[in-house]
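# An overview of the molecular structure
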Amino acid sequence: MNAQVSQAAIKVTNLVKRRETTLLKSFLAINGINLEIAEGITYGLIGPNGAGKTTTIKLLLGLLKADSGEIKVLGKPAGDHDALRRIGFLPESPYFYSHLTGREYLTFTGQLFGMQGPALQDRIGELLQLVSMEARAEERTGAYSKGMLQRLGMAAALVNDPDLLFLDEPMSGLDPVGRMDMRKIITALKEKGKTIFFNSHLLPDVAHLCDKVGVLCQGKLTAEEDLLSITPERSAAALEEYFLANIEV
Ligand SMILES: Nc1ncnc2c1ncn2[C@@H]1O[C@H](COP(=O)(O)OP(=O)(O)O)[C@@H](O)[C@H]1O
Ligand SMILES: [Mg+2]
């Protein structure tokens, strides 16, 4: 294959994931989705609560196993260790060891990627600055607000300078300043050429940031479009209209 041709960062074919509701009942949380996301794209997966957005991210990361279908992330199967070294993940509700300070947590995260010494501390300094957490880095994470946890989670997701970033509801729980800051961080990452896959039901953020959007509804991708084809002026109202027109299955 010609190395010059950029491969899809994410390619998903006929993905199916069944989940149990009770011991005897199950349903298709992901019901045959196909995705192809080029490198360098910011992709927004939007959908009502329970649509399967978080399940999709967990499948792409290899945290959940698909029942059928194929997943390629950075050219490798979901959960491949070499690919994971190039991936960052901000979970929906990031969890931290409450007795560690923010700086200690980032040090621990960096060490998991084999980073150490002054290079790691320099990287942590940059990240704390990026997420505006320098002043609170020596406090225990147990005392952090939701917004501070989200900022620390973003810093942790970036410690390995990933090429591909998964963000599950990155703006949730943030106040307006926090949301603006998160937008700026994501915009800066876009400009650096990162591929970003994010879930959100906050349509103004999606309208502002994304190159392409997909609508997920009851485990099915009901629509997909370049954002500027939906709304050249990145209007949240126009995206809302598109969303509402595509959430019935
Ligand atoms: N651990 C689980 N076990 C069984 N069902 C689950 C589990 N987690 C989520 N679900 C169900 O899977 C569906 C999709 O959930 P999720 O992916 O979290 O949706 P979203 O992120 O779009 O809100 C929902 O119906 C949810 O109740
Ligand atoms: Mg979710």
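Relevant structure appears above.
Residues numbered from 1 in each chain as written. Chains lettered and ligands numbered in written order. Predicted model: local features only at pLDDT ≥ 70, side-chain atom pairs only at ≥ 80, totals over all residues. Heavy atoms only, no water.

## Focus: helix 1 (residues 53-61)
Summarising burial for helix 1: 7 of the 9 residues are buried, a large majority. Looking at helix 1, one finds that the buried residues are Lys53, Thr55, Thr56, Ile57, Leu59, Leu60 and Leu61. Gly62, located one to two residues past helix 1, shows a positive phi value of around 85°. (Buried < 20%, exposed > 50% of the residue type's maximum accessible area, 1.4 Å probe, protein only. Helix = DSSP H or I, 4+ residues; strand = E, 2+ residues; numbered from the N terminus.)

## Describing the pattern of salt bridges
Inspection of every chain in the model, using the stated rule, returns 11 salt bridges. A salt bridge links Arg179 to Asp205, with the nearest nitrogen and oxygen atoms 3.1 Å apart. On the criterion of sequence distance, the pair formed by Arg179 in helix 6 (residues 176-191) and Asp205 in helix 7 (residues 203-209) is long-range, its members being 26 residues apart. Classification of Arg179 as partly exposed rests on a relative accessible area of 24%. A salt bridge links Asp211 to Lys190; its shortest N-O distance comes to 3.1 Å. Here Lys190 lies in helix 6 and Asp211 lies in the loop between helix 7 and strand 9 (212-217), a separation of 21 residues in the sequence. (Salt bridge = Lys/Arg side-chain N within 4 Å of Asp/Glu carboxyl O.)

## Observations regarding the pairing of strand 1 (residues 8-20)
When strand 1 meets strand 2 (residues 26-38), the two strands line up antiparallel, connected through 10 bridges. Paired with Val12 across the strands is Leu35, a residue of strand 2. Where strand 1 folds back on strand 2, the antiparallel hairpin that results is connected by 5 residues. Relative to strand 4 (residues 68-73), strand 1 runs antiparallel, the two sharing 5 bridges. Its bridge partner lying in strand 4, Val16 is registered against Ser68. (Pairing = 2+ DSSP bridges.)

## Observations concerning the site of ligand 1
Around ligand 1, a shell composed of Arg19, Glu20, Phe27, Ala29, Pro48, Asn49, Gly50, Ala51, Gly52, Lys53, Thr54 and Thr55 is seen. Within the backbone of Ala51, a nitrogen or oxygen atom sits 3.1 Å from an oxygen atom of ligand 1. One of the backbone N or O atoms of Gly52 is found 2.9 Å from an oxygen atom in ligand 1. Out of a free accessible area of 570 Å², ligand 1 has 62% covered by protein chains. Broken down by secondary-structure element, the contributors of at least two residues to the shell around ligand 1 are strand 1, strand 2 and helix 1. At 3 residues, the largest contribution of residues to the shell around ligand 1 is made by helix 1. (Near = heavy atom within 4 Å. Polar contact = N/O pair within 3.5 Å; in protein donor to acceptor, adjacent residues only side chain to side chain. Areas by Shrake-Rupley, 256 points an atom, 1.4 Å probe, with all protein chains shown as cover.)

## Description of the nonpolar core
By size, the foremost hydrophobic cluster in this structure holds 45 residues, and its most contacted members are Met154, Leu165, Leu167, Ile186, Val213 and Leu239. For this core, the element with the highest residue contribution is helix 5 (residues 146-157), accounting for 6 residues. Viewed by domain, this core spans two of them, domain 1 (1-86 + 162-249) and domain 2 (89-155), each represented by three or more residues. Discounting residues that sit within four places of it in the chain, Leu165 has contacts with Gly88, Phe89, Met154, Ala157, Leu158, Leu189, Thr195, Ile196 and Phe197. Membership of the second largest hydrophobic core comes to 25 residues, among which are Ala9, Ile30, Ile37 and Ala51. (Core = buried A, V, L, I, M, F, W, Y, C linked by side-chain atoms within 4.5 Å. Domains from an automatic or database assignment. Contact = heavy atoms within 4.5 Å.)

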